[in-house]
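Here's the letter readout for the chains.
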Amino acid sequence: MSHVLSMSFVVAVVGATGAVGREMLKILEQRRFPIKRLAALASARSAGKTLPFAGGAITVEELTPRSLQGVEFALFSAGASVSREMAPVAAAAGAVVIDNSSAWRMDPDVPLVVPEVNMEAAARRQRGIIANPNCATIQLVVALKPLHDAARIRHVVVSTYQATSGKGHAAVEELLAQTRAVLEGRKPEGRIFPGTIAFNALCDWKPGEDDYSEEETKIIQEMRKIMGDESMGISPTTVRIPVVNGHSESVHVQFERPLRADEAKRLLRGAPGIVLMEEAYAPGKHPQPLHASGTDPVYVGRVRNDPAVPGALNLFVVSDNLRKGAALNAVQIAERVSAGE
């Protein structure tokens, strides 16, 4: 049975039992999204499970076309195949669909939205679907938007250090199991990862285009679409590291006009969604996934002039990949759309 609150909108979370789905439920509660009725939807094998919500429990229902009837906001995080099949069903039933998978991101009729960057695009949803970008893309564009507006980005070189939670709960469990195995002198086993992630670094995504990984290709395509600039040069390298939660990115940026670190800090200070850590370099005084995990902002630090390229900058960007990198961004879109934007 759906959980009932005396609020305003009928909301469905599709993929509610997954890591991002659970985070969506948590954030809807924390931010007091105006809910009249909430449906937690998942596969038939998860139906009947209970999930915590609003001090009680909500029972998971099977995702079917009937379960989407009357839904006004449908937050999808159930994988691309489910989204391709069921997101149009939800939209046809009258819901605003906000989809966290890769299924619709590059569809020209589906806006790809980060509220701090391009919320106006959400109004152009011909299919009734709004796409949530990839986790690594979201924090990158939030950090770079104020700089792009001021000096227009010409080229970005980004290297990522991505947490295992981005691959799902089973990946986190495998990291912990492998870590215990190594510490106990046993050979770690890999089922989720294509090798050992404990005490290691892996490029573990499927192949993309031109010998780049699928994740790297996503960053290139999504950043250009969100920023509205197909000419922007983007050179990514994505790496998985043995961290539970929180993605980090080392970013080098070149601009159409020179931009100095002091001006960049002024632009970033107080920018939407950003916490600027601007103290001078010292060991351990920088954004860290340990501190970002469980919080909402995109943390930007180590903003400095590039010593080899005049007018270019280097910075370090960290954010919770399950919150701002997925669930929070989706809920923020729903908030803004529900308010008439």
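Structure: above.
The following paragraphs examine the structure supplied in this document. These numbers were taken from a predicted model, which means no experiment stands behind them.

## As for helix 5 (residues 169-183)
An α-helical turn contains 3.6 residues, so a residue and the one three or four places further along point in the same direction.
Now for step 1: With 15 residues, helix 5 extends 22 Å between its outermost C-alpha atoms, agreeing within 8% with the 21 Å of an ideal straight helix rising 1.5 Å per residue.
Now for step 2: Among the residues making up helix 5, those that are buried are Ala171, Val172, Glu174, Leu175, Gln178 and Ala181.
Now for step 3: Phi turns positive, to about 80 degrees, at glycine 185, one or two residues after helix 5.

## What to know about the layout of surface pockets
Now for step 1: By volume, the largest pocket is sized at about 1,100 Å³.
Now for step 2: Looking at the largest pocket, it is lined by 39 residues, and the ones nearest its centre are Asn100, Ser101, Ser102, Gly166 and Lys218.
Now for step 3: Broken down by element, the residue count for the lining of the largest pocket peaks at six residues, all from helix 6 (residues 214-227).
Now for step 4: Tallied by class, residues from the lining of the largest pocket come to 10 nonpolar, 19 polar and 10 charged.
Now for step 5: In this structure, the second largest pocket spans a volume of roughly 420 Å³.
Now for step 6: Those elements giving two or more residues to the lining of the second largest pocket turn out to be helix 1 (19-30), strand 4 (50-53) and helix 5.
Now for step 7: For the lining of the second largest pocket, a count of residues per class yields 10 nonpolar, six polar and five charged.

## A closer look at the packing of aromatic side chains
Now for step 1: Counted under the stated rule, the structure contains four aromatic pairs.
Now for step 2: Both rings, one in phenylalanine 9 and one in phenylalanine 73, keep their centres 5.3 Å apart while their planes meet at 90 degrees; by these two values the pair is edge-to-face. Within this pair, whereas phenylalanine 9 is found in strand 2 (residues 9-14), its partner phenylalanine 73 is found in strand 6 (residues 73-76), the two being separated by 64 residues in sequence.
Now for step 3: With a centroid separation of 6.3 Å and 55 degrees between ring planes, the pair formed by tyrosine 161 and phenylalanine 316 is classed as tilted. Highlighted residues: tyrosine 161 in strand 9 (residues 153-162) and phenylalanine 316 in strand 14 (residues 313-319), separated in sequence by 155 residues.
Now for step 4: On the basis of relative accessible area, phenylalanine 316 is assigned to the buried category, the value being 18%.
Now for step 5: Linked through ring pairs, Phe9, Phe33 and Phe73 together constitute an aromatic cluster.

## Brief notes about the packing of helix 4 (residues 135-151) against helix 9 (residues 323-338)
Now for step 1: Contact geometry of helix 4 with helix 9 gives a least axis separation of 8 Å together with a crossing angle of 85 degrees. Here helix 9 runs roughly perpendicular to helix 4, going by the angle between their axes. Of the residues in helix 9, those touching helix 4 at Cys135, Ile138 and Val142 are Lys324, Gly325, Ala326 and Asn329.
Now for step 2: A per-class count over the contact of helix 4 with helix 9 returns four nonpolar, two polar and one charged.

Each value, and the rule that gives it
- Here the residue index of a chain counts from 1 through its sequence in written order.
- Only residues with pLDDT of at least 70 are given local features in this predicted model, and only at 80 or more are side-chain atom pairs given and counted; all residues enter the totals for whole chains, interfaces and linings.
- By convention in this description, side-chain values take in all heavy atoms of the structure and omit both hydrogens and water.
- Going along the chain from the N terminus, every DSSP run of H or I of four or more residues is numbered as a helix, and every run of E of two or more is numbered as a strand.
- Multiply 1.5 Å by the residue count of a helix minus one, and that product is the helix's expected span.
- Any residue under 20% of the maximum accessible area for its type is buried, any over 50% is exposed, and the rest in between are partly exposed; the area is computed with a 1.4 Å probe on protein chains only.
- A 1.4 Å probe that fits into a set of points on a 1 Å grid over the protein atoms alone but cannot get out defines a cavity; an open set with protein on both sides within 12 Å along at least five of seven lines defines a pocket, and lining residues are those with an atom within 4 Å of a point.
- Grid points are joined across faces, edges and corners, and a volume is the space filled by probe spheres set on the points.
- Classes in brief: Ala, Val, Leu, Ile, Met, Phe, Trp, Tyr, Cys and Pro nonpolar; Asp, Glu, Lys and Arg charged; the others, Gly included, polar.
- Between the rings of Phe, Tyr and Trp (Trp by its six-membered ring), a pair exists once the centres lie within 6.5 Å; its type follows the angle of the planes, with under 30 degrees stacked, over 60 edge-to-face, and the other angles tilted.
- Between the N-to-C directions of two axes lies an angle of 0 to 180 degrees, each axis being a line fitted to C-alpha atoms and, for a helix, fitted only over the stretch in contact.
- These descriptions rest on fixed angle ranges, namely under 35 degrees for roughly parallel, over 145 for roughly antiparallel, 65 to 115 for roughly perpendicular, and the rest for oblique.
- Note on contacts: a residue pair qualifies if any of its non-hydrogen atoms lie within 4.5 Å across the two residues.

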